[in-house]
Amino acid sequence: MPSPTPRPLRARLAPSPTGAQHVGNARTYLIAWLSARSQGAEVRLRIEDIDSPRIKQGSTDLILEDLCWLGLNFTGEPIIQTTRIPLYDAALERLRELELVYPCTCTRGDIEQAASAPHVEHEGPRYPGTCSHRRSGEANSLGTRPFAWRFRVNASPTFTDRFLGELSIDIRELGGDFVVWKSAGTPAYQLAVVVDDAAMGITEVIRGDDLAPSTPRQLLLYRALDLEPPVFAHVPLVIGQDGRRLAKRHGDTRLASLRKDGVQPESVIGLLAWSCGWVGEPRAISATELIPLFRLDTVPRSPFVLTSELLKKIETSR
Ligand code: GLU
Ligand code: ZN
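Numbering of residues starts from 1 in each chain and follows the order in which that chain's sequence is written. Lettering for chains starts from A, numbering for ligands starts from 1, and both go in the order in which the items are written. Under the rules for a predicted model, residues below a pLDDT of 70 receive no local features and side-chain atom pairs below 80 are neither given nor counted, while totals for whole chains, interfaces and linings still include all residues. Hydrogens and waters are ignored; side-chain quantities use all the structure's heavy atoms.

### A look at the overall build of the protein
What counts is decided by this rule: Strands are runs of DSSP state E lasting at least two residues, helices are runs of H or I lasting at least four, and both sets are numbered from the N terminus onward. In this description the radius of gyration comes from C-alpha coordinates, and the expected globular size is given by 2.2 Å times residues to the power 0.38. The rule is simple: take the accessible area with a 1.4 Å probe, protein chains only, and divide by the maximum for that residue type; under 20% is buried, over 50% is exposed, in between is partly exposed. Residues are treated as being in contact if the distance between any of their heavy atoms lies within 4.5 Å. All accessibility values rest on the Shrake-Rupley procedure with a 1.4 Å probe; residue burial counts only the protein chains present in the view. Positive residues here are Lys and Arg, negative ones are Asp and Glu, while His and the chain termini are left out of the count. To locate a charge, the coordinates of NZ of Lys, CZ of Arg, CG of Asp or CD of Glu are taken.
Along its length, the protein carries 10 helices and 12 strands. Over its C-alpha trace the protein gives a radius of gyration of 20 Å, about what one expects of a compact globule, namely 20 Å for 318 residues. Along the longest, intermediate and shortest principal axes, the C-alpha atoms of the protein span 65 × 50 × 35 Å. Taking all 318 residues of the protein together, the buried fraction comes to 53%. Here the contacts in the protein between residues at least 6 apart in sequence split such that 79% fall between residues at least 24 apart. Accessible surface for the protein amounts to roughly 14400 Å². Of this, 52% is attributable to carbon and sulfur atoms. Between the averaged position of the 38 positive side-chain charges in the protein and that of its 38 negative side-chain charges there is a distance of 2 Å.

### Section: the layout of surface pockets
To find the voids left in a structure, one rolls a probe of water-molecule size over its atoms. To keep it simple, the criterion reads: A 1.4 Å probe that fits into a set of points on a 1 Å grid over the protein atoms alone but cannot get out defines a cavity; an open set with protein on both sides within 12 Å along at least five of seven lines defines a pocket, and lining residues are those with an atom within 4 Å of a point. Grid points are joined across faces, edges and corners, and a volume is the space filled by probe spheres set on the points. Under the scheme applied here, ten amino acids are nonpolar (Ala, Val, Leu, Ile, Met, Phe, Trp, Tyr, Cys and Pro), four are charged (Asp, Glu, Lys and Arg), and all others, including Gly, are polar.
Reported here for the largest pocket is a volume of approximately 1100 Å³. Surrounding the largest pocket, 39 residues form its lining, Thr18, Ala20, His22, Asn25 and Arg245 being those nearest its centre. At the level of elements, β1 (10-13), α1 (23-38) and β9 (204-208) are the ones that each hand at least two residues to the lining of the largest pocket. For the lining of the largest pocket, the leading source of residues is α1, giving 5 residues. When grouped by side-chain class, the residues that make up the lining of the largest pocket number 14 nonpolar, 13 polar and 12 charged.

### So, the site of ligand 1
Selection criterion: When at least one non-hydrogen atom of a residue lies within 4 Å of a molecule or strand, that residue is treated as near it. Residues adjacent in sequence count toward polar contacts only when both atoms are side-chain atoms; beyond that, a polar contact is any pair of N or O atoms within 3.5 Å, and within protein one must be able to donate a hydrogen and the other to accept it. To be counted as sitting in a cavity or pocket, a molecule needs more than half of its atoms within 2 Å of that site's grid points.
For ligand 1, the set of nearby residues contains 9 residues, the closest of which are Arg12, Ala14, Ser16, Glu48 and Arg207. In the environment of ligand 1, a nitrogen atom lies 2.5 Å from a nitrogen or oxygen atom belonging to the side chain of glutamate 48. Here arginine 207 contributes a side-chain N or O atom positioned 2.8 Å from an oxygen atom of ligand 1. Protein chains shield 87% of the accessible area of ligand 1, which is 300 Å² for the free molecule. A molecule is said to occupy a pocket when more than half its atoms come within 2 Å of that pocket's grid points, and by this definition ligand 1 occupies the largest pocket. Here the shell around ligand 1 is composed, by residue class, of 3 nonpolar, 2 polar and 4 charged.

### What about unusual backbone geometry?
Its identity as a non-glycine residue notwithstanding, glutamate 99 has a phi of 55°, on the positive side. In this structure, glutamate 99 sits in the loop between α3 (85-97) and β4 (101-104).

### Some details on the packing of aromatic side chains
Quick reminder of the rule: Each aromatic pair joins two rings of Phe, Tyr and Trp (for Trp, the six-membered one) with centres within 6.5 Å, and gets the label stacked for planes under 30 degrees apart, edge-to-face for over 60, and tilted for any other angle. Throughout this description, the term charge over a ring refers to an Arg CZ or Lys NZ atom that lies within 6 Å of the ring centre and within 35 degrees of the ring normal.
Summed over the entire model, instances satisfying the criterion amount to 5 aromatic pairs. Ring geometry for phenylalanine 159 versus phenylalanine 232: centroids 6.3 Å apart, planes at 70°, classification edge-to-face. Taken together, the residues span a long stretch of sequence, with phenylalanine 159 in strand β6 (residues 159-161) and phenylalanine 232 in strand β10 (residues 231-235) at a distance of 73 residues. The exposure classification of phenylalanine 159 matches that of phenylalanine 232, with both residues buried. Look at tryptophan 278 and phenylalanine 294: their rings are 5.4 Å apart centre to centre, the planes differ by 55°, and that puts the pair in the tilted class. In this pair, tryptophan 278 sits in the loop between α8 (265-275) and α9 (287-290) while phenylalanine 294 sits in the loop between α9 and β12 (304-305), placing the two residues 16 residues apart along the sequence. Each of the two residues, tryptophan 278 as well as phenylalanine 294, counts as buried. The ring of tyrosine 127 has arginine 150 lying over it, and the distance from NZ or CZ to the ring centre is 3.5 Å. The ring of phenylalanine 163 has arginine 301 lying over it, and the distance from NZ or CZ to the ring centre is 5.3 Å.

### Observations concerning the environment of glutamate 77
The residue glutamate 77 is located in the loop between α2 (59-70) and β3 (79-80) in this model. The spatial distance from the C-alpha of glutamate 77 to the C-alpha of leucine 45 is 7.5 Å, given a sequence separation of 32 residues.

### Focus on the coordination of the zinc ion (ligand 2)
The condition is simple: Coordination here is defined by N, O and S atoms within 2.8 Å of the metal (3.2 Å for Na, K and Ca), and since water is not considered, a site can look incomplete. Metal sites are grouped by the angles between bound donors: all angles between 85 and 135 degrees with four donors is tetrahedral, opposite donors over 155 degrees apart with the others between 65 and 115 is square planar for four donors and octahedral for six, and any other pattern is irregular.
Every protein donor of the zinc ion (ligand 2) is accounted for by Cys104 (SG), Cys106 (SG), Tyr127 (OH) and Cys131 (SG), and the metal-donor separations fall at 2.0 to 2.3 Å. Taken together, the 4 donor atoms coordinating the zinc ion (ligand 2) and their angles of 103 to 123° define a geometry best described as tetrahedral. In the primary sequence, the donor residues of the zinc ion (ligand 2) line up as C-x1-C-x20-Y-x3-C. Taken together, the residues cysteine 104 in strand β4 and tyrosine 127 in the loop between α4 (108-115) and β5 (148-151) connect sequence positions 23 residues apart. Each of the two residues, cysteine 104 as well as tyrosine 127, counts as buried.

This is how it looks when you write it as structure tokens:
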């Protein structure tokens with residue numbers, strides 16, 4: 001059998017405009033960007049403005065400023081999810097024809113919880129399959145009852161993560177049948193990401209390891225829609241001294257604030273480069289200068305702890 005022509009290497013950054021981006025977001029984007037650039041791959045930008053009920057006006061402009069400031073440039077125009085609804089709709093239609101989704105009328109709370117990018121703390125309880133007896137055509141007889149579309153999870157694909165190695169996360173136990181279309185009438189994160197990554201020809205996805213449990217779900221969608229999946233790598237997040245995800249109590253780690261305070265982007269990049277083992281000490285360096293120094297295997301397995309001393313160091317570096 002002739003092997004398919006390899007696709008050009010292409011990566012993406014996929015921020016959700018839910019508010020200001022912080023040092024933790026910057027670290028993930030830097031790893032994804034450098035991995036791509038060090039392989040000669042192109043980087044695209046996608047604004048995930050259907051991802052969450054927490055979308056904030058103005059966040060997109062801020063994201064563009066943050067990336068530009070950090071020197072993480074991208075090719076082409078940003079892809080905006082809210083302009084692509086017909087594409088997601090077509091994918092849903094295909095899943096309906098295949099009887100791989102069913103209408104779910106369970107409470108709105110349950111459904112909304114399951115419908116955003118499920119960062120670990122948002123992974124809801126396992127869906128008990130209450131509505132799984134329904135055929136997709138029964139949606140027509142539900143009248144005005146609001147319903148979401150759930151994907152039937154009959155398998156849980158294992159995959160080789162470029163950073164974490166062989167991963168088997170059993171999504172039949174974790175979450176079960178998942179939402180691909182919200183009762184509000186908009187696509188859910190899992191479906192939109194797969195449709196977009198496939199349509200954009202993305203061959204490598206690097207993102208935070210809190211999204212690792214999304215990958216088996218996305219692999220099921222690739223399979224169902226007969227699309228070619230990218231290679232995945234999930235990298236550790238940045239946490240505060242107390243071991244919790246970066247938040248206000250850890251000080252102002254927002255990129256926009258650092259920028260406004262006159263901090264040089266090279267100081268932030270240098271700190272992150274040091275945290276990833278590419279340089280021996282946190283010294284000022286640009287993203288471009290790091291391209292030849294990039295390695296995924298020097299990134300520590302544990303989260304990077306952004307202590308108040310380290311934060312102070314970049315704040316006073318200008
Ligand atoms: N938009 C998601 C987020 O910011 C990332 C999705 C992805 O990388 O697949 O959490
Ligand atoms: Zn249900």
